[in-house]
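Single-letter residue listing:
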Amino acid sequence: IKVENREAQQVDRIMPNDIDSERSVLGAILLNNECINIVYEKIKNSEYFYRTNNREIYDAMCTLLKADTPIDMVTLSSELIKRGMLENVGGITYLTELTGTVPSVANVEHYVDIVVEKYKLRRLISDLGKSVSECREEYADGHVPADGPICWRSGAEASGRAAAGTSGCGQNGR
């Protein structure tokens, strides 16, 4: 496979996500207000959600939480209407579906852990993709150090940098 083909395939790939877990987290909150406290401990903002509509719904839920307003179908739909987002998220139909897709409210923490794990994987993939781009840009002129660019060296070394949050590119990793 040519390099261009591999790059095109990577762009078309769907990032890690678990829509059922996202829906279960949101549905559990609608079914039991106490769930928002469990969820909010680990999911501080809507970026953790993969789908845009789920992000919007969680944003609205957080607004209600911060206003000390109970979260239910009425208050949530009202907040989404106020934002002009109710139809964009799927309307009352989608909100109603959320409550019907929760296998068990008791397992909300497990669903949250899945959502968080998928978010972290998306961040890692994104960060590593940026590192690869930086390496390509840095060595685009064809001049490569005798021992090769830092980002092309041992996989273990690269994995350590990814875990540490450094790219390893540019100025020999400094």
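Residues numbered from 1 in each chain as written. Predicted model: local features only at pLDDT ≥ 70, side-chain atom pairs only at ≥ 80, totals over all residues. Heavy atoms only, no water.

Peer 1: I would appreciate a short explanation of the packing of helix α4 (residues 52–66) against helix α6 (residues 91–100) in the present structure.
Peer 2: Each pair of packed helices can be summarised by the angle the axes make with each other and by the distance between the axes. α6 packs onto α4 with a crossing angle of 85° between their chain directions and a minimal axis gap of 12 Å. Classified by the angle their axes make, α4 and α6 are roughly perpendicular. Taken together, the residues of α6 that come into contact with α4 (itself represented by Asn53, Asn54 and Ile57) are Tyr94, Leu95 and Leu98. Residue classes in the contact of α4 with α6 are distributed as four nonpolar, two polar and no charged. (Axes fitted to C-alpha atoms, helices over the stretch in contact; angles between N-to-C directions. Helix = DSSP H or I, 4+ residues; strand = E, 2+ residues; numbered from the N terminus. Parallel < 35°, antiparallel > 145°, perpendicular 65-115°, else oblique. Contact = heavy atoms within 4.5 Å. Nonpolar A, V, L, I, M, F, W, Y, C, P; charged D, E, K, R; others polar.)

Peer 1: Is there a simple way to explain a nonpolar patch on the surface in this structure?
Peer 2: A surface patch of nonpolar side chains, about 210 Å² in accessible area, is lined by Leu121, Leu124 and Leu128. Within the fold, Leu124 resides in helix α7 (residues 108–138). By relative accessible area, Leu124 is classed as partly exposed at 35%. (Patch = residues over 30% accessible without salt bridge, like charges linked within 9 Å, V, L, I, M, F, W, Y side chains within 5 Å. Areas by Shrake-Rupley, 256 points an atom, 1.4 Å probe, with all protein chains shown as cover. Salt bridge = Lys/Arg side-chain N within 4 Å of Asp/Glu carboxyl O. Buried < 20%, exposed > 50% of the residue type's maximum accessible area, 1.4 Å probe, protein only.)

Peer 1: Help me understand the nonpolar core in this model?
Peer 2: Nonpolar side chains in soluble globular proteins tend to end up buried together. Grouped together as the largest cluster of nonpolar side chains are 33 residues, with contacts concentrated most on Ile29, Ile43, Ile57, Tyr58, Leu76 and Leu80. Looking at this core, the elements with two or more residues in it are α2 (19–31), α3 (35–42), α4, α5 (73–82), α6 and α7. Dropping the residues within four chain positions of it, Leu76 is found in contact with Leu30, Ile57, Ala60, Met61, Leu64 and Leu95. (Core = buried A, V, L, I, M, F, W, Y, C linked by side-chain atoms within 4.5 Å.)

Peer 1: What's the story with α6 in this structure? I'm lost.
Peer 2: Turn by turn, an α-helix covers 3.6 residues, leaving residues three or four places apart pointing in a common direction. Listed in full, the buried residues belonging to α6 are Gly91, Tyr94, Leu95 and Leu98. Relative to the axis of α6, the buried residues are bounded by an arc of 100° and lie together on one face. In α6, the exposed residues that point more than 90 degrees away from the buried face are Thr93 and Gly100. On its buried face, α6 is in contact with α2, α4 and α5. (Arc of directions from axis to C-beta.)

Peer 1: It is not clear to me how the packing of aromatic side chains should be interpreted in this structure. Could you clarify?
Peer 2: Aromatic ring pairs are defined here through the distance separating the ring centres and the angle between the ring planes. Applying the stated rule across the entire model yields two aromatic pairs. For the ring pair Phe49 and Tyr58, a centre distance of 5.0 Å and an interplane angle of 40° mean the geometry is tilted. The class of Tyr58 is buried, set by a relative accessible area of 0%. (Phe/Tyr/Trp six-rings, centres within 6.5 Å; stacked < 30°, edge-to-face > 60°.)

Peer 1: For this particular structure, what's the right way to read α4?
Peer 2: Between its terminal C-alpha atoms α4 stretches 21 Å, which fits the 21 Å expected from 15 residues at 1.5 Å a residue. By the burial criterion, the buried members of α4 are Asn53, Asn54, Ile57, Tyr58, Ala60, Met61, Cys62 and Leu64. In this structure, the buried side of α4 is in contact with α2, α3, α5 and α6. Note on α4: the residue one or two positions beyond its end, Asp68, has a positive phi of about 55°. (Expected span 1.5 Å × (residues − 1).)

Peer 1: Mind showing me how you'd approach the pattern of salt bridges here?
Peer 2: Oppositely charged side chains may form a pair once their charged atoms are brought near each other. Within this structure, the stated rule accounts for five salt bridges. Note that Asp113 is salt-bridged to Lys42, the shortest N-O span being 2.6 Å. Taken together, the residues Asp113 in helix α7 and Lys42 in helix α3 connect sequence positions 71 residues apart. Accessibility expressed as a relative area gives 35% for Asp113, which makes it partly exposed. Among the residues examined, Lys42 registers a relative accessible area of 30% and is labelled partly exposed. The residue Lys82 makes a salt bridge to Glu79 at a minimum N-O spacing of 3.3 Å. Of this pair, Lys82 and Glu79 both sit in helix α5, separated by three residues, roughly a single helical turn. Within this structure, Lys42, Glu109 and Asp113 form a network of salt bridges that share partners.

Honestly, that's just the spatial picture; any functional story needs more than this.
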